[in-house]
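So you can see what is in the structure, the chains are spelled out below.
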Amino acid sequence: MTRTGGDLVADVLLRQGVETIFTLCGGHISPILVASAARGLRVIDTRDEATAVFAADATSRLTGIPGVAAVTAGPGATNTITAVKNAQLAASPLVLLVGATATILRGRGSLQDIDQMALFRPHVSWAASARSVGELVPLVEEAFRRAQHGVPGPVVVECPVDLLYDENVVRQWYGVDAPARGSIGGAVRRWYLQRHLDRLFRDAARSSPAAVPGPPGRQTASDANVARVARWLERAERPVLVVGSQALVAPREASALADAVGSLGMPTFLSGMARGLLGRGHPLQLRHQRKQALREADVVCLAGVPCDFRLDYGRHIAAKATLVTVGRDRHELRKNRRPTLGIEADPDLLLRALASRRVASGRWARWLDLLRARDEAREVEIDERSLTPVDPVNPIWICQEIERHLGDDSVVVADGGDFVATASYIVQPRRPLSWLDPGVFGTLGVGAGFGIGAAAARPDSEIWLLFGDGAVGFSLAEFDTFVRHRLPVIAVVGNDAKWAQIAREQVEILASDVATRLARTDYHRVAEAFGAAGFLIDRPETAGDVFEAAKAVAREGRPVLVNVHLGETDFRKGSISI
């Protein structure tokens, strides 16, 4: 059989180590999907194109191989923009394959024809459009390289529909094989179309086979910079290390990073994808009072963490502290706060180089004891707050129940505001690469896509989706996807019948709850209608049995939604992030 452009694209995906492609079907991209399935790739079709991109993003974060999503032209492409931008700001590498109108019809009013490249270019690391079948292989190969090069991020390859189908089919579309008839103008038109098609397919047979990819390039710190940081640490009395998502750009080397952090002996805070890096209860890991620790520290190392709003634009760090920033993005090294030393390198490689120098100091013991005491005091306070009667269910207490039931090999997906923020104080990921949140963009609606991607990448793990009741509205329809593809996630919806993250501040400042009210919707029944299992927790004493039942259902391969009716507490104050 003749190899189509769809076959060529699928061959590249296979050789690049891709195991799953996420999509919402469309005629423009059907040959890619059919060819991928024929080669043994798993094709997971979602109910929204954004979900497909979120799923590809999650797969990339967990495996280190760029995730792949394929969407159709026009609205299929525009529906992905939020998810693409989220991946860009999170520096998450993924490859988005976008269908497009036939090359001969661009700008002529064909179905779903827009300038897609102009739409994507501000939001991706690289974008290109194939102009012939022979360009498909080199462009898709280049896409994988670009997605991982320098600062990782999403890339886009536009694949016009007439490059993907069989040449004979395309020639029939163009009508060039029909018997000649009509005027001279008709003959000229026929000649022009024939010439155009010849150009499209001329080099298809000579298209180079997909190359076996080499490992993505890593950026190491210079010996001089490693030595400078080592000297500062040797003299430090109150060092603090903050490790963020960009220290995990090489997921397969996460254990080496964890060993390095443990060897350094510095008091350590973990954020984003780095949560869970040290496991549960590691003596160096601190979970509370980060702002106070940074203000008192004499040396601060931000490993893959920018000085953005999450660190109050650098104001959390004392002016007199020695500040070391390390990451791949040169601009972010100096964002909002000029460091003592900014190192453009992979954060994990710097920390491993420092650990090899054995710079840990015994003078840090008293400092670490002080920070641990603060952590323990905060834990006692949280425990006390969890016992406060709240009707119907205390959100702090239910988060502790989730923590008690979380499996040792689990992945936690966070999608929401108030409920998820409360959970972040309590739920402790058990291992590296076991926490997924949107990142700096703060995007609601990532939950189902991240859950799909996590379940595909880690099929033997428990996948817990923590939803706010506002956030779950973005992706309830994806329970159909979970059921059809046997993705046994355990979703927990914190249902307080409001957009609580917004309501707290809005009511206090503006004395109005307008547009923040929701209903106690029966989300568990919606999930049941899609074929999932649904449970309701509206009394705290039922929670333990419900979570055990949910875990048992998930072990059987069926997705679950647990709808928890929450009461109101003042555990978290209102805030507007600006």
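First, a word on what this report is: a plain description of the structure on this page. (Residues numbered from 1 in each chain as written. Predicted model: local features only at pLDDT ≥ 70, side-chain atom pairs only at ≥ 80, totals over all residues. Heavy atoms only, no water.)

1. Structural notes on the overall build of the protein chain
Piece 1. Secondary structure summary: the protein chain contains 22 helices and 18 strands in total.
Piece 2. In terms of overall dimensions, the protein chain is globule-like: its C-alpha atoms have a radius of gyration of 26 Å, near the 25 Å expected for 578 residues.
Piece 3. Taking the principal axes of its C-alpha atoms as reference, the protein chain extends roughly 90 × 60 × 45 Å.
Piece 4. By residue count, 58% of the 578 residues in the protein chain fall in the buried class.
Piece 5. About 24100 Å² of surface is accessible on the protein chain, with carbon and sulfur atoms providing 51% of the total. (Helix = DSSP H or I, 4+ residues; strand = E, 2+ residues; numbered from the N terminus. Rg over C-alpha atoms; globule rule 2.2 N^0.38 Å. Buried < 20%, exposed > 50% of the residue type's maximum accessible area, 1.4 Å probe, protein only. Areas by Shrake-Rupley, 256 points an atom, 1.4 Å probe, with all protein chains shown as cover.)

2. Here's the deal with the sheet that holds strand β18 (residues 560–565)
Strand pairs in the sheet, formed through backbone hydrogen bonds, run parallel or antiparallel to each other.
Piece 1. Read from one edge of the open sheet, 6 strands run β14-β13-β15-β16-β18-β17, paired in parallel fashion. The sheet terminates laterally at β14 (435–436) and β17 (533–537), the two strands that pair on one side only.
Piece 2. Pairing between strand β16 (residues 490–495) and β18: 6 bridges, direction parallel. Residue Asn495 lies in a different strand from β18, and its bridge partner there is His565. (Pairing = 2+ DSSP bridges.)

3. Notes on unusual backbone geometry
Piece 1. For the peptide bond that leads from Asp391 to Pro392, omega is 0 degrees, which places it in the cis range.
Piece 2. By the secondary structure assignment, Pro392 is in the loop between α15 (365–386) and α16 (395–405).
Piece 3. Its identity as a non-glycine residue notwithstanding, Leu433 has a phi of 60 degrees, on the positive side.
Piece 4. What makes Leu433 buried here is its relative accessible area of 8%.
Piece 5. Although it is not a glycine, Arg486 adopts a positive phi angle of roughly 50 degrees.

4. Remarks on the environment of Asp348
Piece 1. Along the polypeptide, Asp348 turns up in helix α14 (residues 347–356).
Piece 2. When its relative accessible area of 1% is taken as the criterion, Asp348 is described as buried.
Piece 3. In this structure, the C-alpha to C-alpha distance between Asp348 and Gly327, residues 21 residues apart in sequence, is 9.1 Å.

5. Here we look at the state of the cysteines
Piece 1. This structure, assessed with the given rule, holds 0 disulfides.
Piece 2. Note on Cys159: no disulfide assigned, nearest cysteine sulfur contributed by Cys25 at a separation of 17 Å. (Disulfide = S-S within 2.5 Å.)

6. So, the packing of aromatic side chains
Piece 1. Going through the model one piece at a time under the given rule, you end up with 5 aromatic pairs.
Piece 2. Taken together, a centroid distance of 5.9 Å and an interplanar angle of 90 degrees make the contact between Phe54 and Phe450 edge-to-face. One end of the pair, Phe54, is in helix α3 (residues 49–63); the other, Phe450, is in helix α18 (residues 447–457), and 396 residues separate them in sequence. Across the pair, Phe450 and Phe54 agree in class, each one buried. (Phe/Tyr/Trp six-rings, centres within 6.5 Å; stacked < 30°, edge-to-face > 60°.)

7. Notes on the environment of Leu536
Piece 1. In this structure, Leu536 sits in strand β17.
Piece 2. By relative accessible area, Leu536 is classed as partly exposed at 30%.
Piece 3. Along the sequence, Leu536 and Asp522 sit 14 residues apart, while their C-alpha atoms lie 8.4 Å from each other.
Piece 4. With sequence-adjacent residues up to four places away left out, Leu536 is seen in contact with His524, Val546, Asn563 and His565. (Contact = heavy atoms within 4.5 Å.)

8. Regarding α14
Piece 1. The buried fraction of α14 is high, at 7 of 10 residues.
Piece 2. Looking only at α14, the buried set comprises Pro347, Asp348, Leu349, Leu350, Leu351, Leu354 and Ala355.
Piece 3. Turning to α14, the residues buried within the fold contact α10 (223–235), β7 (239–243), α11 (254–264), β10 (299–303), β11 (322–327) and β12 (341–344).
Piece 4. Arg358 sits one or two residues past α14 and shows a positive phi near 55 degrees.

9. Side note on the side chain of Arg275
Piece 1. Secondary-structure assignment places Arg275 in the loop between β8 (268–270) and β9 (285–286).
Piece 2. Buried charged residue Arg275 carries no salt bridge. Nearest counter-charge: Asp437, at 5.7 Å.
Piece 3. Engagement of the side chain of Arg275 in a polar contact is seen with the backbone oxygen of Ser424, the distance being 3.4 Å.
Piece 4. Those residues in contact with Arg275, other than ones at most four positions away along the chain, are Leu270, Ser424, Val427, Pro429, Arg431, Ser434 and Trp435. (Lys, Arg positive; Asp, Glu negative; His and termini not counted. Salt bridge = Lys/Arg side-chain N within 4 Å of Asp/Glu carboxyl O. Polar contact = N/O pair within 3.5 Å; in protein donor to acceptor, adjacent residues only side chain to side chain.)

10. With respect to the pattern of salt bridges
Piece 1. This model, assessed by the stated rule, comprises 39 salt bridges.
Piece 2. One salt bridge connects Arg372 with Asp369, and the closest N-O pair in it is separated by 3.5 Å. Taken together, the residues Arg372 and Asp369, both in helix α15 and 3 residues apart, mark about one turn of the helix.
Piece 3. Members of the salt-bridge network, linked through shared partners, are Arg218, Glu253, Arg328, Asp346, Asp348 and Arg352.

11. Examining the pairing of β18
Piece 1. Within β18, 6 of the 6 residues are buried, which leaves the element mostly enclosed by the surrounding structure.
Piece 2. Because side chains alternate across β18, one face comprises the buried residues Val560, Val562 and Val564, and the other comprises Leu561, Asn563 and His565, equally buried.
Piece 3. Note that β17 and β18 share 5 bridges and pair parallel. Looking at β18, one finds that Phe535 is bridged to Val562.
Piece 4. Each parallel crossover has a hand, and for β17 linked through helix α22 (residues 543–555) to β18 it is right-handed. (Right-handed = clockwise from strand over helix to strand, strands pointing away.)

12. Some thoughts on α10
Piece 1. Over its 13 residues, α10 runs 19 Å from end to end, which matches the ideal 18 Å to within 8%, given 1.5 Å per residue.
Piece 2. Those residues of α10 not exposed but buried are Asn225, Val226, Ala227, Val229, Ala230, Trp232 and Leu233.
Piece 3. Taken together, the buried residues of α10 touch β7, β10, β11, β12 and α14. (Expected span 1.5 Å × (residues − 1).)

13. Comments concerning the nonpolar core
Piece 1. Counting residues in hydrophobic clusters, the biggest one holds 88 residues, and the most contacted among them are Leu96, Phe120, Leu277, Ile343, Leu351, Leu354 and Leu436.
Piece 2. Examining the composition of this core, we find that 8 residues originate from one element, α3, more than from any other.
Piece 3. Core analysis: the second largest hydrophobic core is formed by 41 residues, Val140, Ala143, Val157 and Leu163 among them. (Core = buried A, V, L, I, M, F, W, Y, C linked by side-chain atoms within 4.5 Å.)

14. Brief notes about the packing of helix α1 (residues 5–15) against helix α7 (residues 133–148)
Piece 1. Put simply, α1 and α7 touch, their axes get as near as 9 Å, and they point 25 degrees apart. Between α1 and α7, the interaxial angle falls into the category roughly parallel. Viewed along their axes, α1 and α7 form a crossing whose handedness is right-handed. Across the interface between the two elements, Gly5, Leu8, Val9, Val12 and Leu13 of α1 pack against Val133, Leu136, Val137, Val140, Glu141 and Phe144 of α7.
Piece 2. Its residues placed into classes, the contact of α1 with α7 shows 9 nonpolar, 1 polar and 1 charged. (Axes fitted to C-alpha atoms, helices over the stretch in contact; angles between N-to-C directions. Parallel < 35°, antiparallel > 145°, perpendicular 65-115°, else oblique. Left-handed = near helix turned anticlockwise from the far one by under 90°. Nonpolar A, V, L, I, M, F, W, Y, C, P; charged D, E, K, R; others polar.)

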